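Results of the structural survey
Residue strings, one per chain:
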Amino acid sequence: FKNLLISTGFSIFQHIVVLIWNQSLPQSLPVPPTVNFRPMTQSDLDAVVAIDHLAFDPLWRISRDSMKCAFLSSAHASVAEIEDTIVGYELSTANHLTAHLTRLAVHPDYKLANIGYSLVRLMLEYFQRFHVNQITVNTQQNNSASIGLYKKLGFALTDDSFPVFRYANSA
């Protein structure tokens, strides 16, 4: 399939890497005292999509309909808010044995406030209570900030990676 894509004008744009959690709950880190963490609700979707679009480049943004589907299929979903304004969110899926951090985003103004770290830690703690210890996440190979965050939380890179192709005429 790779050769077919390349022969028809596609090229590898980047790679997605997979990380797996080491099953050790990381320490809590301080967050601003005004941050409140709570379960996500369907009424949060517009604010969550707005955060998503601020946090991700256009290629990686998802629509409101896709966010709604992700939320409805999630096993764990939470938001971080400051003064009733959502500044970050996390969505994860699971089955009986494994979980996957599907989406994580924090408003750019708060990305160094340990909010993303805390959202993931809360998710890890939740799944650990149910003895779900195989938890994965994926990110772009060149996203050093994301990889650094996940490693700080106890995730390690696996040998799995997936190419992302782009058509030569697309921007």
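Everything numeric here is computed off the predicted structure, so don't read it as measured data.

Let's shift gears to the layout of surface pockets. As a volume, the largest pocket reaches approximately 1,100 Å³. What lines the largest pocket is a set of 34 residues, and nearest its centre among them are Phe 56, Leu 104, Asn 143, Ser 146 and Tyr 150. Elements with a contribution of two residues or more to the lining of the largest pocket: strand S1 (10–21), helix H2 (45–55), strand S5 (98–106), helix H4 (115–129), strand S6 (134–140) and helix H5 (144–152). At 7 residues, S5 tops the list of elements feeding residues into the lining of the largest pocket. When its residues are assigned to classes, the lining of the largest pocket shows 19 nonpolar, 11 polar and 4 charged.

Once that is clear, we can look at the sheet that holds S1. Hydrogen bonds along the backbone pair up the strands of a sheet, which may run parallel or antiparallel. The strand order S2-S3-S4-S5-S6-S1-S7 describes an open sheet built from 7 strands, whose pairing is mixed. The outermost strands of the open sheet, each flanked by one partner alone, are strand S2 (35–39) and strand S7 (155–167). Each neighbouring strand pair of the sheet contributes to a mean axis angle of 25°, computed without reference to strand direction. Bridge count between S1 and S6: 5 bridges; the pairing is antiparallel. Directly across from Leu 19, in S6, lies its bridge partner Val 137. In this fold H5 packs onto S1, S5, S6 and S7, with an angle of close to 165° to the strand it touches most, S6.

Following both chains from N to C, one finds H2 and helix H3 (residues 64–72) inclined at 115°, their axes separated by 10 Å at the closest point. Classified by the interaxial angle, the pair formed by H2 and H3 is roughly perpendicular. Our pair here, H2 against H3, has a crossing hand that is right-handed. Taken together, the residues of H3 that come into contact with H2 (itself represented by Leu 45, Asp 46, Val 48, Val 49 and Asp 52) are Arg 64, Met 67, Lys 68 and Phe 71.

Moving on, we come to the pairing of strand S3 (residues 76–82). Within S3, 7 of the 7 residues are buried, which leaves it mostly tucked inside the rest of the structure. Where burial is concerned, the two faces of S3 agree: the one with His 76, Ser 78, Ala 80 and Ile 82 and the one with Ala 77, Val 79 and Glu 81 are both buried. In the sheet, S2 pairs with S3 via 5 bridges, with the strands oriented antiparallel. By the bridge assignment, Pro 39 is partnered in S3 with Ser 78. In this structure, S3 lies alongside strand S4 (residues 85–94), joined through 7 bridges in antiparallel fashion. Considered in S4, the bridge of Ala 80 is made with Gly 88. Between the end of S3 and the start of S4, which pair antiparallel, lie 2 residues, with Glu 83 showing a positive phi angle near 50°.

Rules and cut-offs
- Residues numbered from 1 in each chain as written.
- Predicted model: local features only at pLDDT ≥ 70, side-chain atom pairs only at ≥ 80, totals over all residues.
- Heavy atoms only, no water.
- 1 Å grid on protein atoms, 1.4 Å probe; cavity = no way out; pocket = protein on both sides within 12 Å on 5 of 7 lines; lining within 4 Å.
- Points joined across faces, edges and corners; volume = space filled by probe spheres on them.
- Helix = DSSP H or I, 4+ residues; strand = E, 2+ residues; numbered from the N terminus.
- Nonpolar A, V, L, I, M, F, W, Y, C, P; charged D, E, K, R; others polar.
- Pairing = 2+ DSSP bridges.
- Axes fitted to C-alpha atoms, helices over the stretch in contact; angles between N-to-C directions.
- Contact = heavy atoms within 4.5 Å.
- Parallel < 35°, antiparallel > 145°, perpendicular 65-115°, else oblique.
- Left-handed = near helix turned anticlockwise from the far one by under 90°.
- Buried < 20%, exposed > 50% of the residue type's maximum accessible area, 1.4 Å probe, protein only.

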